[in-house]
Amino acid sequence: MRKGSQIVLECLRAEGVDLVFGYPGGAIMPLYDALEGSGVRHILTRHEQGAVFAAEGYARVAGKVGVAMATSGPGATNLVTGIADAKMDSVPLVCITGQVRSALIGSDAFQETDVFGLTLSMTKWSRLVKSIQEIPAVIAEGFHWARSGRPGPVVIDIPTDLLKASMEFGGAVKFTPHQRPADTPAAPEFTDTLVAMLQQASKPVALVGAGAKLSGAIPELRQLLDRLNVPTFATVHGLGAVDPTVPYYLGMVGMHGTRAANTALHETDLLMVFGARLDDRVTGDPSRFAPDAKIVHFEIDPAQLDRVRPCQLAVMGDLAETIPAFHEELRRASLPDCSRWRAVACGPGRAELDPRGLAQPTIRFLDELFSRLPEDSVIVADVGQHQMWAAQRYHSDSARGFITSGGLGAMGFALPAAVGVQLAQPETTVLCVSGDGGIQMNIQELATIRRLGLPIKTVIIDNQYLGMVRQWQQLFYQRNYAETDLSDNPDFVEIAKAYRITGQRIHEEVMREFPVAAETGDQLDRFLRSREPELLVFDCHPEANVYPMVPAGAALSEMLFEEE
Amino acid sequence: MHVFHIRYRNTQGTLMRILTAACRRGIDTPYVQAEPSAHEHKVTLLMEVNQKQVGQLSRDWYAIVDVLEVDPAIAVHEVAERTRVARAISSGAPHPPGSAVLAGDGATQPALA
């Protein structure tokens, strides 16, 4: 006989889970009681949101399903932001929540929340377990959906009485998905059509998103891009998928993308999209997005097609299959010469300007920091100006080297996510880049970092403002800095000390020297090489802005640049 | 007005997910009928949508793991021309609220079963 809680843990082990993140409470206590000796290591965060973001960070770099656990009611509701984040960013995540006793469901019992209903619109799949016998099948199916197709979040809500109940348990089960018409892959003829479209195009481009990385087809994608040899750019989640040193790569596209990438995207007559959603941060004004382009969309999730503009050719299926098929066809095809287009789009006339203005020291600081990182380091960025600066200055070819909350834009993501990343890759240097606003949304996770002794390097870009909101207020709300002033921030170095973490501060003035002083370089090297948790506050100018910027509702060609 | 027919596995929350795809876009659904259909279930929805929303909804529904098939939207006046279905309306099929206006003649009429 096994208790429900033991069955849950054995089924998790069968799914390859050896690490979960969570926070205990009343309804989920039986599961915690069974943890010892189960083979599943539990990481106690200091808030359920920390647990779910940590599970996401783990999943994003480990390429496995992240698991978060919480109790009913407030424990479950605190998971919601992370669940929504996983949905937007296609992260395989299973959240297991305790629920009040079956007999009490619907009675507004203490700590009862309808977590199933609450998360219905943001989960890929979910279940309220109704009997102990269901547990093995529910867990098998939940993990299947979390990791299959376009990955996403799953919620499994288990009443506490079922965790305590016992039954004969014959072992974990396998789930066999049903077939349906929507799962039909792209017809092989798509390659003929696409080659014909390429042969008619004079300004083709390629846009790479997270889907290319999730497919695991990075080597195949890079070979294909080499063969195409057309101007290529990436979304924020596509960073690292393309080798940034190839001459046809133009960097990040979108609201804070490079001039070259946004201009090429605006001018193209054939846009090949590899696993990107084409959301509003990438397209700008949809009605003026790539106005002359035919769109070819390689995508695994049918829900992502035609969201902004109808595509002329939808290539449905796993990019790990469709990219090699396309490349194979290209080997036999002759492509038109688009060297003149490439020379214009990738030429020096559109090269990025050197950083200037109030943001220059911060950008130089990030450049200095990133240039000192060991290969295969992971940067975990929070949300805001620092996120965009970090994305703009990220020039690694590591496909899982830049992690951020890109779709949901959830402040407070980075610090707990860095915990998950570091646990997934204990030997890797993990650099958490946050802002003075975002860090305070989950600053309690410094306790988790200290408890585990994780050598995470946390950088706070401190501009004493909610910087990105302030930037918009400056540019579009006549400098009415309503409720974005954080000049009464606590001393983050002292906060770090209170958590028994070494803290230090660098003022932006030191980054005005060129090259930076040797002692500053040494300070950064020591910071990055430490095998202890470290925190570094960088004092940034309060009115530094992120440029280029495409204002909301503008076309990609209408970028704003830093004033002289 | 458009009619959609969706076949789905009647698992927890699948019908709600189908309806939520419309709710999140602020689309009213004046008529819903869900019923068993062979080994699965079928839901018929009537809603006022534009062509872009037809595409978005269809793709959102396909993305629900327990949705098996989505019939392309059919404008109600087209359906009404199929006399067999039109007869079903007049023979006492369940009626939607009176606000359901059928495209084509502008009159308030019952929608399809």
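Residues numbered from 1 in each chain as written. Chains lettered and ligands numbered in written order. Predicted model: local features only at pLDDT ≥ 70, side-chain atom pairs only at ≥ 80, totals over all residues.

*Asks:* So what exactly am I meant to see when it comes to the overall build of chain B here?
*Replies:* Looking only at helices and strands, chain B features 4 helices and 5 strands. The helix and strand sequence of chain B, counted from the amino end, reads β-α-β-β-α-β-β-α-α. Counting contacts in chain B only where the partners sit at least 6 residues apart, residues at least 24 apart contribute 69% of the total. (Helix = DSSP H or I, 4+ residues; strand = E, 2+ residues; numbered from the N terminus. Contact = placed C-beta atoms within 7 Å.)

*Asks:* Quick question: what am I supposed to make of the domain arrangement of chain A here?
*Replies:* Often, the extent of an interface is quoted as the loss of accessible area upon association of its parts. All names here are of chain A. According to the domain assignment, chain A consists of domain 1 (2-167), domain 2 (189-350) and domain 3 (357-539). Each side of the interface is counted separately: domain 1 has 5 residues, and domain 2 has 5 residues. Partitioning the side of domain 1 that touches domain 2 into residue classes produces 1 nonpolar, 2 polar and 2 charged. (Domains from an automatic or database assignment. Nonpolar A, V, L, I, M, F, W, Y, C, P; charged D, E, K, R; others polar.)

*Asks:* Just to check I follow, could you spell out the confidence of the model for chain B for this structure?
*Replies:* For residues with low pLDDT, the predicted coordinates do not support detailed interpretation. Residues and elements named next belong to chain B. Mean pLDDT for chain B: 75, with 67% of residues reaching 70 or above. Low confidence marks residues 85-113, where pLDDT is under 50. Its contacts with residues over four positions away, or in another chain, come to 47 contacts. Confidence estimates for the predicted assembly give a pTM of 0.93 and an ipTM of 0.90. (pLDDT = per-residue confidence, 0-100.)

*Asks:* I would appreciate a short explanation of the interface of chain B and chain A in the present structure.
*Replies:* Facing the 15 residues of chain B at the interface are 18 residues of chain A. Only α1 (14-23), α2 (51-62) and β4 (67-70) of chain B provide two or more residues apiece to the side of chain B that touches chain A. Counting residues per element, the side of chain B that touches chain A draws most heavily on α2(B), which supplies 5 residues. Class assignment of the residues belonging to the side of chain B that touches chain A gives a composition of 5 nonpolar, 5 polar and 5 charged.

*Asks:* So what exactly am I meant to see when it comes to the sheet that holds strand β9 (residues 204-208) of chain A here?
*Replies:* Whenever strands of a sheet pair, they do so through backbone hydrogen bonds, lying parallel or antiparallel. Residue and element names in this part refer to chain A. In space, the 6 strands of this open sheet follow the order β11-β10-β9-β12-β13-β14, with parallel pairing throughout. Among the strands making up the open sheet, the edge pair consists of β11 (249-252) and β14 (313-316). Recorded for the sheet is a direction-independent mean angle of 15° between the axes of neighbouring strands. Two elements, strand β13 (residues 294-299) and β14, share 4 bridges in a ladder whose sense is parallel. Looking across to β14, one finds that phenylalanine 298 is bridged to valine 315. (Pairing = 2+ DSSP bridges. Axes fitted to C-alpha atoms, helices over the stretch in contact; angles between N-to-C directions.)

*Asks:* Even after reading the chapter, I still don't get the packing of α1(B) against α2(B), so can you show me in this structure?
*Replies:* When two helices pack together, their arrangement is given by the angle between the helix axes and by the axis-to-axis distance. Residues and elements named next belong to chain B. α2 packs onto α1 with a crossing angle of 150° between their chain directions and a minimal axis gap of 10 Å. Our classification of the angle between α1 and α2 gives roughly antiparallel. Crossing of α1 against α2: the hand is right-handed. Across the interface between the two elements, Ile18, Ala21 and Ala22 from α1 touch Leu57, Asp60 and Trp61 from α2. Classifying every residue of the contact of α1 with α2 gives 5 nonpolar, no polar and 1 charged. (Parallel < 35°, antiparallel > 145°, perpendicular 65-115°, else oblique. Left-handed = near helix turned anticlockwise from the far one by under 90°.)

*Asks:* What's the story with the sheet that holds strand β5 (residues 93-99) of chain A in this structure? I'm lost.
*Replies:* All names here are of chain A. Across the sheet, which stays open at both edges, the 6 strands sit in the order β3-β2-β4-β5-β7-β6 with parallel pairing between neighbours. The open sheet terminates on both sides in strands that have one partner only, identified here as β3 (41-44) and β6 (125-128). Neighbour-to-neighbour, the strand axes of this sheet turn through a mean angle of 20°, independent of strand direction. Of the pairings in the sheet, the one linking β5 to strand β7 (residues 153-159) comprises 7 bridges and is parallel in character. Bridging across to β7, threonine 97 finds its partner in aspartate 157.

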